Amino acid sequence: MFNRALFVLMSVTSPINSSQPLFQPHIYFVPLDGALCAADYEAGLALNWLTDDEVAKVSRYRSESARNTGLQVRLALRAIISLHSDLKPSEWRFSYGAKGKPALSEDLLVQTGLHFNLSHSGDWLMIGIVSNKQAYAAETALSFGVDIERERSSTKIEAILNHYFSAVEIEDLMALPLELQRQRFFDLWALKEAFIKATGKGLAQSLTSFGFTFAANSVFEAVNEQYPTIAASDYIHFSALDYHEPQWQFYFGRLSPYYRFSVCIGDMQSQSLLHIKAPTMSIISLAQLIPSSHD
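Presented here is an overview of the structure given in this document. Just so you know, these numbers come straight off a predicted model, no measurement behind them.

### Some details on the nonpolar core
Counting 31 residues, the largest nonpolar core has Ile81, Leu104 and Leu289 as its most contacted members. When residues of this core are traced back to their parent elements, those giving at least two are β3 (26-31), α3 (64-82), α4 (106-112), β6 (114-121), β7 (124-131) and α9 (286-289). Broken down by element, the residue count for this core peaks at eight residues, all from α3. Apart from the residues within four sequence positions on either side, Leu289 is in contact with Val30, Trp49, Ala76, Ala79, Ile80, Leu83 and Ile284. Among the nonpolar cores identified, the runner-up in size contains 28 residues, and Ile157, Trp189, Ala194 and Ile236 belong to it.

### Notes on the environment of Ile160
With respect to the secondary-structure elements, Ile160 resides in helix α6 (residues 158-164). Judged by relative accessible area, Ile160 falls into the partly exposed class, the value being 22%. The spacing of Ile160 and Phe185 is 25 residues in sequence and 9.6 Å in space, taken between C-alpha atoms. Apart from residues lying up to four places away in sequence, Ile160 is in contact with Thr155, Phe165, Phe185 and Trp189.

### So, the pairing of strand β13 (residues 259-267)
The buried count for β13 comes to nine of nine residues, which makes it a mostly enclosed element. Every second residue of β13 is oriented toward a common face, with Tyr259, Phe261, Val263, Ile265 and Asp267 on one face and Arg260, Ser262, Cys264 and Gly266 on the other, all of them buried. Bridge analysis of strand β8 (residues 142-150) against β13 gives nine bridges, and the strand direction is antiparallel. Following the sheet pairing, Arg150 is matched in β13 by Tyr259. Bridge analysis of strand β12 (residues 248-256) against β13 gives eight bridges, and the strand direction is antiparallel. Residue pairing across strands places Gly253 opposite Phe261, the latter belonging to β13. Linking β12 back to β13 in an antiparallel pair, the connection comprises two residues.

### Describing the sheet that holds β8
Think of a sheet as strands paired side by side through backbone hydrogen bonds, with each pair either parallel or antiparallel. Overall, antiparallel pairing links the four strands, which are arranged β8-β13-β12-β10 in an open sheet. Sheet topology places β8 and β10 (229-230) at the edges, where each strand pairs with a single neighbour. Running over the sheet, helix α8 (residues 178-199) touches β8, β12 and β13 and is turned about 150 degrees from β8.

### Quick look at the packing of aromatic side chains
The way to describe two aromatic rings as a pair is by their centre distance and the angle between their planes. Applying the stated criterion across every chain, the model contains 21 aromatic pairs. Taken together, a centroid distance of 5.1 Å and an interplanar angle of 80 degrees make the contact between Phe195 and Trp248 edge-to-face. On the criterion of sequence distance, the pair formed by Phe195 in helix α8 and Trp248 in strand β12 is long-range, its members being 53 residues apart. The two residues Phe195 and Trp248 agree in class, both being buried. Taken together, a centroid distance of 5.7 Å and an interplanar angle of 55 degrees make the contact between Phe220 and Tyr235 tilted.

### Some thoughts on helix α7 (residues 167-175)
Given 3.6 residues to a turn, an α-helix orients residues that are three or four positions apart in the same direction. Three or more residues of α7 are buried, namely Glu169, Ile170, Asp172 and Leu173. Along the axis of α7, the buried positions cluster into a sector of 165 degrees, meaning they face one direction only. For α7, the exposed residues lying more than 90 degrees away from the buried face are Ala167, Glu171 and Ala175. Where α7 is buried, its residues touch α6, α8 and β9 (210-214).

### With respect to the packing of helix α2 (residues 52-59) against α3
A pair of packed helices can be characterised by two numbers: the angle between their axes and the separation between those axes. Direction vectors running N to C along α2 and α3 enclose 150 degrees, while the axes themselves pass 8 Å from each other. In terms of their interaxial angle, α2 and α3 are classed as roughly antiparallel. Here Glu54, Lys57, Val58 and Ser59 of α2 lie close against α3, whose contacting residues are Arg67, Gly70, Leu71, Arg74 and Arg78. Partitioned by chemical class, the residues of the contact of α2 with α3 number two nonpolar, two polar and five charged.

### What to know about the pattern of salt bridges
Tallying each qualifying case throughout the model produces seven salt bridges. Between Glu169 and Lys192 there is a salt bridge, with its nearest N and O atoms 3.0 Å apart. Within this pair, whereas Glu169 is found in helix α7, its partner Lys192 is found in helix α8, the two being separated by 23 residues in sequence. In terms of burial, Glu169 and Lys192 fall into one category: buried. Residue Arg254 pairs with Asp187 through a salt bridge whose shortest N-O separation is 3.4 Å. Of the two residues, Arg254 sits in strand β12 while Asp187 sits in helix α8, which places them 67 residues apart along the sequence. Accessibility assignment for this pair places Arg254 and Asp187 in one class, buried. The network of salt bridges with common partners includes Glu151, Asp187, Arg254 and Arg260.

Analysis parameters
- The residue numbering used here restarts from 1 in each chain and proceeds along that chain's sequence as written.
- Whole-chain, interface and lining totals are the exception, using all residues; otherwise, since this is a predicted model, local features are given only for residues with pLDDT of at least 70 and side-chain atom pairs are given and counted only at 80 or more.
- The side-chain figures draw on all heavy atoms in the structure; neither hydrogens nor water molecules are used.
- For our purposes a nonpolar core is just a set of buried Ala, Val, Leu, Ile, Met, Phe, Trp, Tyr and Cys residues, chained together by side-chain atoms within 4.5 Å.
- Exposure is judged per residue with a 1.4 Å probe applied to protein chains only, and the accessible area is read against the type maximum: over 50% gives exposed, under 20% gives buried, and values in between give partly exposed.
- Counting from the N terminus, the helices are DSSP H or I runs at least four residues long and the strands are E runs at least two residues long.
- In what follows, a contact means two residues having at least one pair of non-hydrogen atoms within 4.5 Å.
- Two strands pair under a simple rule: DSSP has to find at least two bridges between them.
- Under this scheme, a helix contributes an axis fitted over its contacting stretch, all axes are lines through C-alpha atoms, and angles between N-to-C directions fall in the 0 to 180 degree range.
- Pairing of aromatic rings covers Phe, Tyr and the six-membered ring of Trp, with a centre-to-centre limit of 6.5 Å; geometry is then stacked below 30 degrees between planes, edge-to-face above 60, and tilted otherwise.
- This arc is built from the directions going out from the helix axis to the C-beta atoms.
- For classification, angles of less than 35 degrees are called roughly parallel, those exceeding 145 degrees roughly antiparallel, those between 65 and 115 degrees roughly perpendicular, and all remaining angles oblique.
- Following the grouping adopted for this structure description, the nonpolar residues are Ala, Val, Leu, Ile, Met, Phe, Trp, Tyr, Cys and Pro, the charged ones are Asp, Glu, Lys and Arg, and the polar ones are all others, Gly among them.
- Salt bridges are counted wherever a side-chain nitrogen of Lys or Arg sits within 4 Å of a carboxyl oxygen of Asp or Glu.

These values are about where atoms sit, not about what they do.
Have a look at this one:
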């Protein structure tokens with residue numbers, strides 16, 4: 001099943017200070033297929049990885065495409081978390097925050113020290129994993145969020161700007177040439193989504209209360225058409241009314257010309273900068289994550 005295979009791996013490294021807990025996000029991009037045949041859908045369920053509640057949630061989607069996506073997202077999440085643990089995909093259990101942010105159940109979080117977040121847009125699923133048992137034992141209040149956004153020509157960006165963007169973000173966007181304004185809109189949206197997912201507050205948090213600016217107000221493009229690509233660490237500047245800025249670090253990149261992604265990581269209880277190694281990035285298919293019936 002899931003015979004579309006892709007795999008690319010890129011690692012970016014940064015200097016390590018051994019006196020500080022080290023965090024390194026691992027980012028996975030999984031291509032989704034909304035047109036699974038019935039046999040593949042049933043084969044996914046037959047793995048028995050999902051809980052009864054998850055199966056019920058997937059089956060409640062009205063469209064076949066949404067059911068296919070829902071199943072693939074849950075299978076991929078379980079398989080990818082298992083890459084960072086001895087636990088089997090069927091053994092994971094999840095909890096949900098007040099605004100719906102998913103996390104491992106408390107006992108599994110203590111056992112593994114794993115934090116995760118996920119996002120999907122169009123044909124792609126993005127899953128981020130961070131592990132550091134030492135920092136978790138020291139009660140680091142790790143906050144982690146990821147987002148992927150597909151640029152869409154149908155989105156009426158003018159109607160959204162004043163409701164969800166800060167004054168500086170709007171000013172910078174409007175200063176760009178018209179053909180670049182839509183790119184900037186979705187770049188900002190990806191960063192904003194990753195931040196509110198990291199804090200766990202979702203849209204209960206005002207999106208105008210924080211903002212991002214870009215070095216020289218430039219629009220990031222991949223170098224030599226190599227994807228996925230992460231921008232330089234000093235490309236993004238974050239500012240917020242209610243958060244101490246240095247406690248947050250962001251990564252921003254492009255998966256393709258039409259997909260951009262962002263990663264947000266911070267410590268909600270500290271005003272110091274976390275020591276973070278730049279993310280590893282992988283493109284991996286469900287065919288590689290899910291064992292074949294012939295294995």
